[in-house]
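# Reading the structure
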Amino acid sequence: MAEIYLEKGHSEYHKSKKRRILKIIAALSFLLLTVFTRLPENIKVYGHSFFREVVKILSLLDTRNLASLESSHFIVKYPGAVDEADARLVLNTAEKFFSPVNNDLDFTTSKKIPIVIYSSKEKLNQFFGWPANESAMGVYWAGVIRVLSPKVWIEEEDKERQEDIFINSGPMAHEYTHFVVDYKTRGNYPRWFTEGLAQYEEFKLTGFRFTEPAGNLNQKLYSFDDLGKNFDYLPNQSLAYRQSFAAVKFLVDQYGETCVLEIINTLSRGKNIDYAIQNAAGMNMQTFEQEWLKWLSLNIGQFS
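The structure reproduced in this document is the subject of the present report. (Residues numbered from 1 in each chain as written. Predicted model: local features only at pLDDT ≥ 70, side-chain atom pairs only at ≥ 80, totals over all residues. Heavy atoms only, no water.)

Let us now look at the pairing of strand β2 (residues 74-78). In terms of burial, β2 is a largely internal element, five of the five residues being buried. In β2, alternate side chains face the same way, and those of Phe 74, Val 76 and Tyr 78 on one face and Ile 75 and Lys 77 on the other are all buried. Sheet analysis places strand β1 (residues 67-70) next to β2, joined by four bridges and oriented antiparallel. Pairing of Ser 68 across the sheet is with Lys 77, part of β2. In the sheet, β2 pairs with strand β3 (residues 113-118) via four bridges, with the strands oriented parallel. Residue pairing for β3: Ile 75 is matched across the bridge by Pro 114. Read from β2 through helix α4 (residues 84-105) to β3, the crossover connection turns out left-handed. (Buried < 20%, exposed > 50% of the residue type's maximum accessible area, 1.4 Å probe, protein only. Helix = DSSP H or I, 4+ residues; strand = E, 2+ residues; numbered from the N terminus. Pairing = 2+ DSSP bridges. Right-handed = clockwise from strand over helix to strand, strands pointing away.)

Turning our attention to the pattern of salt bridges. Here the structure, examined in full by the defined rule, presents 14 salt bridges. Of the charged contacts in the structure, one is a salt bridge between Asp 164 and Arg 161, with a shortest N-O distance of 3.1 Å. One end of the pair is Asp 164 and the other is Arg 161, both in helix α7 (residues 159-169) and three residues apart, which spans about a single turn. For Arg 161, a relative accessible area of 39% puts it in the partly exposed group. One salt bridge in this structure joins Glu 195 and Arg 191, with 3.0 Å as the shortest N-O distance. Pair noted here: Glu 195 and Arg 191 are both in helix α9 (residues 191-206), with a separation of four residues, about one helical turn. When its relative accessible area of 23% is taken as the criterion, Arg 191 is described as partly exposed. (Salt bridge = Lys/Arg side-chain N within 4 Å of Asp/Glu carboxyl O.)

Taking 1.5 Å per residue, 22 residues should reach 32 Å; α4 reaches 31 Å between its end C-alpha atoms and fits that length. Phe 98 marks where α4 bends most, by close to 30°; the proline Pro 100 follows one to four residues later. In the segment just after α4, Asp 106 is the residue with positive phi, at about 55°. (Expected span 1.5 Å × (residues − 1). Bend = angle between axes of the 7 residues up to and from the residue.)

Here Asn 188 shows up in the loop between α8 (172-185) and α9. Residue Asn 188 is classed as buried on the basis of its relative accessible area of 2%. One polar contact links the side chain of Asn 188 to the main-chain carbonyl oxygen of Leu 267, over a distance of 2.8 Å. (Polar contact = N/O pair within 3.5 Å; in protein donor to acceptor, adjacent residues only side chain to side chain.)

Here it is in structure tokens:
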């Protein structure tokens, strides 16, 4: 970085310093968001919305010098290392899923949704402070969808095949669902619910589902208490994700998609997931878990 400062002068140094300060503020906002997730639900919903918008604004400031493409509902920011064709594929795919997900979840927004594209796994991981071996293709966080450039993970050379793979196996339907759930509930949701719903929408719209062997449901399962309180720290993340999908699939199969919508609407009023499931499906969490396990034993083939 010293060479850059010498070549571009004192003003460039201060611009870079400002960017570092913005990143520090974003990190502090993330810490505050984490704290708010541990507060009572009726307090959390207000704090979460405020800090989400703060972080989103900072993210837009931090990416203001990147190239951009816009559509009716999204704005894509991308660095020089990403081809415009890749950026357009991301933008078009986001638009493809905008209306179907909104229709399913009864959501609308007039604001353009920011998407930031990363040119490598390392750069995406670096932004979040993740280990180098993390392999996420996309992440929704604090009002912004962040994705890997399709060329990073799609080896197919044919343009039409690239588009087909990205639409049907890429992260856009999944991450946009996270965006909708976050905004509708104002951050008041357990991880298992939003991950399960994102996988459900992804499966419904593209047919894609996670099939890692480690997530096989024919093993000791996590309790919903564990999934609710410790999702990110559970040793078998594949299993946590697969269980989450199966839980939402159970709710839809047994009670319909209106049940899921009712849960979301109840969460948006600051109620917890126990109350929301009781209100929508007429059973407490203990009964929900018992009924889900019975259903799963009869339908486990769906998740093999």
